[in-house]
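Here is how the chains run, residue by residue.
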Amino acid sequence: MSGRPWQIVAAVVGAVIGIVAVRYLGLNAVIPALSIAACWWAFTQFGLHRRLVLPLAFAGGHGIWFLIGMIMTLAIGGRAETLIEVGLETLIVAAIVAWGCISRSRPALCVLIAYEVVSLVFNAIAWMGVDELRPILAVHIGLRVVVIVGAALALARWSEVAPAR
């Protein structure tokens, strides 16, 4: 298949995954999905290569979800430690994504992969300790895996992605 049929298949599969995710995860699926969609649209408009859009949109959308979560935590009187931790992670993600968008470089993708791998380890450790947060952690883990795979694919196809000099 080429072009249009793949887009239709992707849209149908995405819709099915979205419906299932919202059914089981509620806002924990809606907020990141909308954040990723907004980043995807923005990065496409910004002229990023299609292979860079995937990892950067997922990482950026994930970062926006952190920001929204931080605001929600603040609104319900969250602990300062949580706000500092999430705020720091939001800044790190924003810096890496901005670097990737501006430089469109291999080092930016490598740092993004390294950050996501380290974060996956922390998510796995958290998974062992909490039962009620597992649906949220599952979304975090899924997003991180997509970013890692997308960035690795962009690096593997770098000759297509490399900005013209």
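The rules behind these values
- Residues numbered from 1 in each chain as written.
- Predicted model: local features only at pLDDT ≥ 70, side-chain atom pairs only at ≥ 80, totals over all residues.
- Heavy atoms only, no water.
- Helix = DSSP H or I, 4+ residues; strand = E, 2+ residues; numbered from the N terminus.
- Buried < 20%, exposed > 50% of the residue type's maximum accessible area, 1.4 Å probe, protein only.
- Areas by Shrake-Rupley, 256 points an atom, 1.4 Å probe, with all protein chains shown as cover.
- Salt bridge = Lys/Arg side-chain N within 4 Å of Asp/Glu carboxyl O.
- Axes fitted to C-alpha atoms, helices over the stretch in contact; angles between N-to-C directions.
- Parallel < 35°, antiparallel > 145°, perpendicular 65-115°, else oblique.
- Left-handed = near helix turned anticlockwise from the far one by under 90°.
- Contact = heavy atoms within 4.5 Å.
- Nonpolar A, V, L, I, M, F, W, Y, C, P; charged D, E, K, R; others polar.
- Patch = residues over 30% accessible without salt bridge, like charges linked within 9 Å, V, L, I, M, F, W, Y side chains within 5 Å.
- Core = buried A, V, L, I, M, F, W, Y, C linked by side-chain atoms within 4.5 Å.
- pLDDT = per-residue confidence, 0-100.
- Expected span 1.5 Å × (residues − 1).
- Polar contact = N/O pair within 3.5 Å; in protein donor to acceptor, adjacent residues only side chain to side chain.

Draft legend 1. The arrangement of the overall build of the chain in detail. The secondary structure content of the chain amounts to seven helices and zero strands. Sequence-ordered secondary structure for the chain, helices as α and strands as β, is α-α-α-α-α-α-α. Expressed as a percentage of its 165 residues, the buried residues of the chain come to 33%. Per element, the accessible surface of the chain, about 9900 Å² overall, is 73% carbon and sulfur.

Draft legend 2. Looking closely at the pattern of salt bridges. Tallying each qualifying case throughout the model produces four salt bridges. Put simply, Arg51 and Glu160 hold a salt bridge, and the shortest N to O gap is 2.9 Å. Highlighted residues: Arg51 in helix α3 (residues 50-75) and Glu160 in helix α7 (residues 158-161), separated in sequence by 109 residues. Measuring nitrogen to oxygen at the nearest pair gives 2.8 Å for the salt bridge that ties Glu116 to Arg144. Residue Glu116 is found in helix α5 (residues 106-129), and its partner Arg144 is found in helix α6 (residues 134-156); the two are separated by 28 residues along the sequence. Using a relative accessible area of 2% as the deciding quantity, one classes Arg144 as buried. In the salt-bridge network here, residues are joined through shared partners; they are Arg51, Arg157 and Glu160.

Draft legend 3. Summary view of the packing of α3 against α5. Interhelical geometry of α3 versus α5 gives an angle of 45° and a closest axis separation of 12 Å. Judged by the inter-axis angle, α3 sits oblique to α5. The two elements α3 and α5 meet at a crossing, and its hand is left-handed. Contact residues: Leu52, Pro55, Leu56, Ala59 and Phe66 in α3; Leu109, Leu112, Tyr115 and Glu116 in α5. Residue composition of the contact of α3 with α5, by class: eight nonpolar, no polar and one charged.

Draft legend 4. Expanded view of unusual backbone geometry. Of note, Arg104 is a non-glycine position whose phi angle comes to about 50°, a positive value. Classification of Arg104 as partly exposed rests on a relative accessible area of 22%.

Draft legend 5. Geometry of a nonpolar patch on the surface. A cluster of nonpolar side chains, contributed by Val118, Val121, Phe122 and Ile125, occupies part of the molecular surface with about 400 Å² of accessible area. When its relative accessible area of 55% is taken as the criterion, Ile125 is described as exposed.

Draft legend 6. Structural view of the nonpolar core. The biggest cluster of nonpolar side chains holds 29 residues, and the ones touching the most others in it are Phe43, Leu48, Leu52 and Leu56. For this core, the secondary structure elements donating two or more residues are α2 (27-45), α3, α4 (80-103), α5, α6 and α7. Setting aside anything within four residues of it in sequence, one finds Phe43 in contact with Leu48, Val53, Leu56, Ala57, Val97 and Cys101.

Draft legend 7. How the structure looks around the confidence of the model for the chain. On average, residues of the chain carry a pLDDT of 84, and 81% of them reach 70 or more. Mean pLDDT across the secondary structure elements of the chain bottoms out at helix α1 (residues 4-25), with 63, and peaks at α5, with 93.

Draft legend 8. Up close: α3. In a regular helix each residue adds 1.5 Å, so 26 residues correspond to 38 Å; α3 covers 37 Å between its end C-alpha atoms and thus fits that length. At the exit of α3 stands Gly77, carrying a positive phi of roughly 80°.

Draft legend 9. Broad picture of the environment of Thr90. Mapped onto the secondary structure, Thr90 falls in helix α4. Taking the C-alpha atoms as reference points, Thr90 and Gly60, 30 residues apart in sequence, are found 9.3 Å from one another. Not counting residues within four places of it along the chain, the set of residues in contact with Thr90 comprises Gly63, Phe66 and Leu67. A distance of 2.7 Å separates a polar side-chain atom of Thr90 from the backbone oxygen of Val86.

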